[in-house]
Amino acid sequence: MKKRVIIVSMALLMFFQLTSQNRNLKLHYDFKSVSPSGEILDVSGNGFNAELKNEAFLDHMGDYHILNLGFHNGYLDMGEQTGELVNSLKDFSVSTYVYVDEGVSLSLHGSFILTFSNSTDIRSEGNGCLFLSARDQTYAITKTDSRGEQAVRVGEPVQQGAWMHIVYTQEGNQGNLFIDGKMVASNTVDIYPSAIGKTKFNFIGRSPYKEDNYLRGLLADFRIYDKALTVREINRLGRETKGLAEAHVEYAQRPIRLIANGNPLFSHKYTADPAALVHDDVFYIYAGQDVGDGRGYNMPNWVVFSSEDLETWYEHPIPLRPSDFSWARGNYAWAAQVIERDGKFYWYVSTQHYTGARAIGVAVSDSPTGPFVDAIGSALITNDMTTHCTNITWDDIDPTVWIDDDGQAYLFWGNTCCYYVKLKDNMIEMDGDIMTIEDLPHFTEAPWIHKKNDWYYLSYAAWFPEKTAYARSKSINGPWEYMGILNEVAGNSNTNHQAIVEFKGQWYFVYHNGALPTQGGSYLRSVCIDYLHHNEDGSIQRVIMTTEGVSPVRD
């Protein structure tokens, strides 16, 4: 009997706690409930409905409903009416789940999860805002601008590539920040939200500083309470982290649909050293992903995109990482190329060998989009094989592969020296000695072979900063006739890396530049595409790099 009384008492206590918590719930987006007109409904019943902006959209992962902020400054506009809520808050809590992909840069200002503000240009107008930032895990509030901020700050970005439950609570002048139920920062905050008044600009995913980056990420279950949640209540709300992580595994395997809008071709992440493959009337682009602060090469994985019309593209799940090669070390997803033979797809990559020098490996897959696995278990080309030309440790990079009309495969590569070697039919063994091409003026790196009619063309990066030059020959074995510059320095990128392919009757020149705002440069590059034209005499017209890019291909 005593045990039954205890159980009933605990059940009643939990009921009253939940009832009290729900009574204090003032705003709740479950990212499932939508009005007939498309408004995102506030399911707390308080009427703070919101509107999706730019390319933000609602999605689902298994049983979970999420807000996807997209790739082009997407955000959720909670409207002016939400300022009434802000004006009423003293003790309060904000709770949500957040996911930021590993490829998203958080090094610049912005990436705000939440903003309540009196302006979209706080730096100029200085009339008050509060925000919660993923960039450095900070809650801050100010009656003016950043100089008047009071903050609870961790000081480092959220963990990327993982779902996390973020909660900020304020009781009196005590502000606390919790990540996955653990308090990670605390500070005195004397300014209540009500002190900044009825804010007009209330966003999820957008900053009140007009120069700042928008947040690129996913959110689930966004809530605001007019009380400081207890640790027990926070833990109860945060029980779904594991479930979200499990659902995300399948979600991440879905191709992402992208619409090209000129150059750069892809603006949601930085991509470099492109290679192209045309297979079954589909255009594939393979590239390394640039990440980090733009102060050096940081390339943790390769990426693959596909298109049937050069307008609608699909980014496929990450197909290959340097860590997939047991002999490789570090984030060196450098230039690489994929080619098909006998129904299999071979990916020749340059990365860092465990000896510290660069090396070339081969991965293989039954699909052009992967997943790929190491085809050999060791590097195909290592630094000790090419010491006859140079003693540098980074000359074995930038592989390009060609299968000639007679079925013989060749691998070309190099930095400072341009090498080539025959490959056996199995595509993972050399067939003969490594040879050096001597007659390529100003050769730096990035060789690429293509053929039109009777002419073989060897294009390559020349000088530094790099332009693209090219040579031609009637034989894949040379001699090569130098023909001059094909492409000038690509924007503000020191490097220039090209791929040349024919697709549905038109030749294309795929390359990278550093033009993507706001961080683009030599270490945060972006893939572009423009037309390439051959002349009747076998020469090639200089490529004109454009902002407009290429037109969609219509059948």
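Residues numbered from 1 in each chain as written. Predicted model: local features only at pLDDT ≥ 70, side-chain atom pairs only at ≥ 80, totals over all residues. Heavy atoms only, no water.

**Q** Explain the sheet that holds strand 33 (residues 499-503) to me, using residue names and the numbers behind them.
**A** An order of 33-34-35 is seen for the three strands of this open sheet, with the pairing classed as antiparallel. A single partner strand is all that each edge strand has here, and the edge strands are strand 33 and strand 35 (526-531). Ignoring which end each strand starts from, the neighbouring axes of this sheet average 30 degrees apart. In this sheet, strand 35 lies alongside strand 34 (residues 506-513) in antiparallel orientation, the contact comprising six bridges. Across the sheet, F509 pairs through a bridge with D530, a residue of strand 35. (Pairing = 2+ DSSP bridges. Helix = DSSP H or I, 4+ residues; strand = E, 2+ residues; numbered from the N terminus. Axes fitted to C-alpha atoms, helices over the stretch in contact; angles between N-to-C directions.)

**Q** Kindly report on the nonpolar core, identifying the contributing residues and their values.
**A** Counting 44 residues, the largest nonpolar core has Y29, I166, L219 and F222 as its most contacted members. Excluding anything up to four places from it in sequence, L219 contacts F31, I66, L67, L69, T96, Y97, V98, I113, W163 and I204. Residues F283, L310, W455 and V553 belong to the second largest nonpolar core, which totals 36 residues. (Core = buried A, V, L, I, M, F, W, Y, C linked by side-chain atoms within 4.5 Å. Buried < 20%, exposed > 50% of the residue type's maximum accessible area, 1.4 Å probe, protein only. Contact = heavy atoms within 4.5 Å.)

**Q** How would you sum up the confidence of the model for the chain? Please name residues and give values.
**A** When pLDDT is averaged along the chain, the result is 94, and 96% of the positions lie at 70 or above. Confidence over residues 5-18 falls short of pLDDT 50; this stretch has three contacts with residues more than four positions distant or in other chains. (pLDDT = per-residue confidence, 0-100.)

**Q** An account of the state of the cysteines is needed here, citing residue identities and associated values.
**A** Counted under the stated rule, the structure contains one disulfide. Across the disulfide, C389 is cross-linked to C417 (sulfur-sulfur distance 1.7 Å). On the S-S bond that ties C389 to C417, the torsion sits near -80 degrees, and the link is left-handed. Of this pair, C389 sits in the loop between strand 24 (373-374) and strand 25 (400-403) while C417 sits in the loop between strand 26 (409-413) and strand 27 (418-423), and the two are 28 residues apart along the sequence. Judged by its relative accessible area of 31%, C389 is partly exposed. Among the residues examined, C417 registers a relative accessible area of 8% and is labelled buried. Looking at C418, it has no disulfide partner, and the nearest cysteine sulfur is the one in C417, 9.0 Å off. Residue classification places C418 among the buried residues on the basis of a relative accessible area of 1%. (Disulfide = S-S within 2.5 Å.)

**Q** Mind laying out unusual backbone geometry, listing which residues take part and the relevant values?
**A** At the junction of N263 and P264, the peptide bond is cis and its omega measures out at -5 degrees in the coordinates. Topologically, P264 is positioned in the loop between strand 16 (256-259) and strand 17 (270-279). At N54, a residue that is not glycine, the phi angle is positive and equals roughly 55 degrees. Notably, H442 is not glycine yet its phi reads approximately 65 degrees, a positive angle. The residue H442 is located in the loop between strand 28 (435-437) and strand 29 (443-452) in this model.

**Q** Hey, could you go over helix 5 (residues 241-251) for me, with residue numbers and the actual values?
**A** Taken together, the buried positions of helix 5 are T241, G243, L244, A247, H248 and Y251. Buried residues in helix 5, looked at end-on, bunch into an arc of 155 degrees, giving them a common side. Turned more than 90 degrees away from the buried face of helix 5 sit K242, E246, V249 and E250, all of them exposed. Contact partners of the buried residues in helix 5: strand 3 (57-61), strand 4 (64-68), strand 6 (92-99), strand 11 (164-171) and strand 15 (218-225). (Arc of directions from axis to C-beta.)

**Q** Explain the side chain of S111 to me, and be specific about the residues and the numbers.
**A** Within the secondary structure layout, S111 lies in the loop between strand 6 and strand 7 (112-117). Here S111 falls in the buried class, since its relative accessible area comes to 2%. Look past the residues within four positions of S111 in its chain and what remains in contact with it is S105, L106, S133, A134, R135, N213, Y214 and L215.

**Q** Could you give me a rundown of the pairing of strand 31 (residues 467-473), with the residues and numbers involved?
**A** Burial of strand 31 is extensive: six of the seven residues sit out of reach of the surface. Pairing between strand 30 (residues 455-462) and strand 31: seven bridges, direction antiparallel. Residue S459 lies in a different strand from strand 31, and its bridge partner there is Y470. Two successive antiparallel strands, strand 30 and strand 31, enclose a turn made up of four residues, where W463 displays a positive phi of approximately 60 degrees.

**Q** So what about the pattern of salt bridges? Which residues, and what values?
**A** Counted by the stated rule, this structure contains 24 salt bridges. In this structure, R254 engages D59 in a salt bridge whose closest nitrogen and oxygen atoms are separated by 2.8 Å. A residue pair is termed long-range when its members are at least 10 positions apart, and R254 in the loop between helix 5 and strand 16 and D59 in strand 3 qualify at 195 residues. Judged by its relative accessible area of 14%, D59 is buried. One salt bridge connects R123 with E211, and the closest N-O pair in it is separated by 2.6 Å. Placement of the pair is R123 in helix 3 (residues 122-125) and E211 in the loop between strand 14 (201-204) and strand 15, with a sequence separation of 88 residues. (Salt bridge = Lys/Arg side-chain N within 4 Å of Asp/Glu carboxyl O.)

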